[in-house]
Amino acid sequence: MTRAEGERWVIASSNAGKLAEFRDLLGDGGPACVPQAELGVVDAEETGLTFIENALIKARHAARATGLPALADDSGLCVDALDGAPGLYSARYAGGHGDAAANIAKLLAALKARPDAGRRARFVAVIAWLRHPLDPQPVVAQGVWHGCILERPRGAGGFGYDPVFQPDGHDCSAAELPPALKNRLGHRGQALLALRRQLLDLA
Ligand SMILES: O=P(O)(O)OP(=O)(O)OP(=O)(O)OC[C@H]1O[C@@H](n2cnc3c(O)ncnc32)[C@H](O)[C@@H]1O
Ligand SMILES: [Mg+2]
């Protein structure tokens, strides 16, 4: 990010995989980005009914707790044959929060015997940036990454559902892509690029 050099932003996420992607994508030279846990911020309750609402809830919570501008991501995997599930509830699809192996097992069971056409899916990320907790003009951007769900996990990179997501145009899972490539092509990278453009327009 080029905006506001010397400034500090709080990253309103506790997901280590997301934080690694943010570190790579935000790069050097812009505002210093500090994960919320380093500032003692506990997770917000994600009570929204959309990715947009949850991204705003998380950013507002971290901005209020720290007094810093805040950047939050709410994201998930939406599978066509499951009417968009796990969607908003991707992190806790199998019950416990962030249990990737259990989430993947549940997803593969739900798609068992589905032919290719029924395995279409997309990753969605909404990123929200707030100047302060009562900011009436948040900057919000969305990224979508299309692909399909593999029959079994492949690869050890990335996080979450990456081992079972095959992005369109690639013959491997997202967990097998070099991290820099996943970050550039993926939903989070797309959303951050769109956010960056909006911030530059505002500058
Ligand atoms: O709310 P924070 O603290 O940011 O962390 P979280 O993991 O709870 O994040 P979400 O509430 O946005 O839930 C997103 C879930 O969607 C999945 N997901 C999102 N982006 C992903 C990606 O790039 N690769 C794999 N899975 C992803 C993964 O299961 C995440 O836990
Ligand atoms: Mg969450």
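Figured I'd write up the structure that's included with this text. As the structure is a prediction and not an experimental result, all values here were calculated from the model. (Residues numbered from 1 in each chain as written. Chains lettered and ligands numbered in written order. Predicted model: local features only at pLDDT ≥ 70, side-chain atom pairs only at ≥ 80, totals over all residues.)

Scanning the protein for helices and strands turns up five helices and six strands. Counting helices and strands in the order they occur from the N terminus, the protein gives β-α-β-α-β-α-β-β-β-α-α. Relative to the globule expectation of 17 Å for 203 residues, the C-alpha radius of gyration of the protein, 17 Å, shows essentially globular dimensions. The burial tally for the protein puts 39% of its 203 residues in the buried class. Sequence separation of at least 24 residues holds for 59% of the intrachain contacts in the protein that already meet a minimum separation of 6. (Helix = DSSP H or I, 4+ residues; strand = E, 2+ residues; numbered from the N terminus. Rg over C-alpha atoms; globule rule 2.2 N^0.38 Å. Buried ≥ 20, exposed ≤ 12 C-beta atoms within 10 Å, placed from the backbone. Contact = placed C-beta atoms within 7 Å.)

Generally speaking, nonpolar side chains in soluble globular proteins are found buried as a group. By size, the foremost hydrophobic cluster in this structure holds 47 residues, and its most contacted members are Ala59, Ala70, Leu71, Ile127, Ala128 and Ile149. When contributions to this core are tallied by element, the ones reaching two or more residues are β1 (8–11), α2 (51–66), β3 (70–79), α3 (100–110), β4 (120–130), β5 (139–149) and α5 (187–202). The biggest single contributor to this core is β4, with nine residues. Leaving out residues up to four positions away in the same chain, Ala70 has contacts with Trp9, Val10, Ala12, Ala59, Ala62, Ala63 and Leu130. (Core = buried A, V, L, I, M, F, W, Y, C linked by C-beta atoms within 7 Å.)

Across the sheet, six strands lie side by side as β2-β1-β3-β4-β5-β6; this open sheet has mixed pairing. A single partner strand is all that each edge strand has here, and the edge strands are β2 (32–35) and β6 (165–167). Within the sheet, the average angular offset between the axes of one strand and its neighbour, ignoring direction, is 35°. The pairing of β1 with β3 spans two bridges and is parallel. When the sheet's bridge partners are listed, Val10 is paired in β3 with Ala70. Across the sheet, helix α1 (residues 16–26) is in contact with β1, β2 and β3; its angle to β2 comes to roughly 175°. Here α5 sits on the sheet and contacts β3, β4 and β5; the angle it forms with β5, its principal contact strand, is near 155°. (Pairing = 2+ DSSP bridges. Axes fitted to C-alpha atoms, helices over the stretch in contact; angles between N-to-C directions.)

With that out of the way, let us pick up α2. Compared with an ideal rise of 1.5 Å per residue, which puts 16 residues at 22 Å, α2 spans 23 Å between its outermost C-alpha atoms and is within 8% of the ideal. Turning to α2, its buried residues number three or more, namely Phe51, Asn54, Ala55, Leu56, Lys58, Ala59, Arg60, His61, Ala62, Ala63 and Thr66. Tucked inside the fold, the buried residues of α2 contact β1, β3, β4 and β5. Two residues or fewer past α2, Gly67 is found with a positive phi of approximately 75°. (Expected span 1.5 Å × (residues − 1).)

Time to look at α3. Think of an α-helix as turning once every 3.6 residues; residues three or four places apart then point the same way. If you check which residues of α3 are buried, you get Asn103, Ile104 and Leu107. The buried residues of α3 all sit within an arc of 95° when viewed along its axis, so they share a single face. Those residues of α3 that are exposed and aimed more than 90 degrees away from the buried face are Ala101 and Ala109. The inward-facing, buried residues of α3 abut β5. (Arc of directions from axis to C-beta.)

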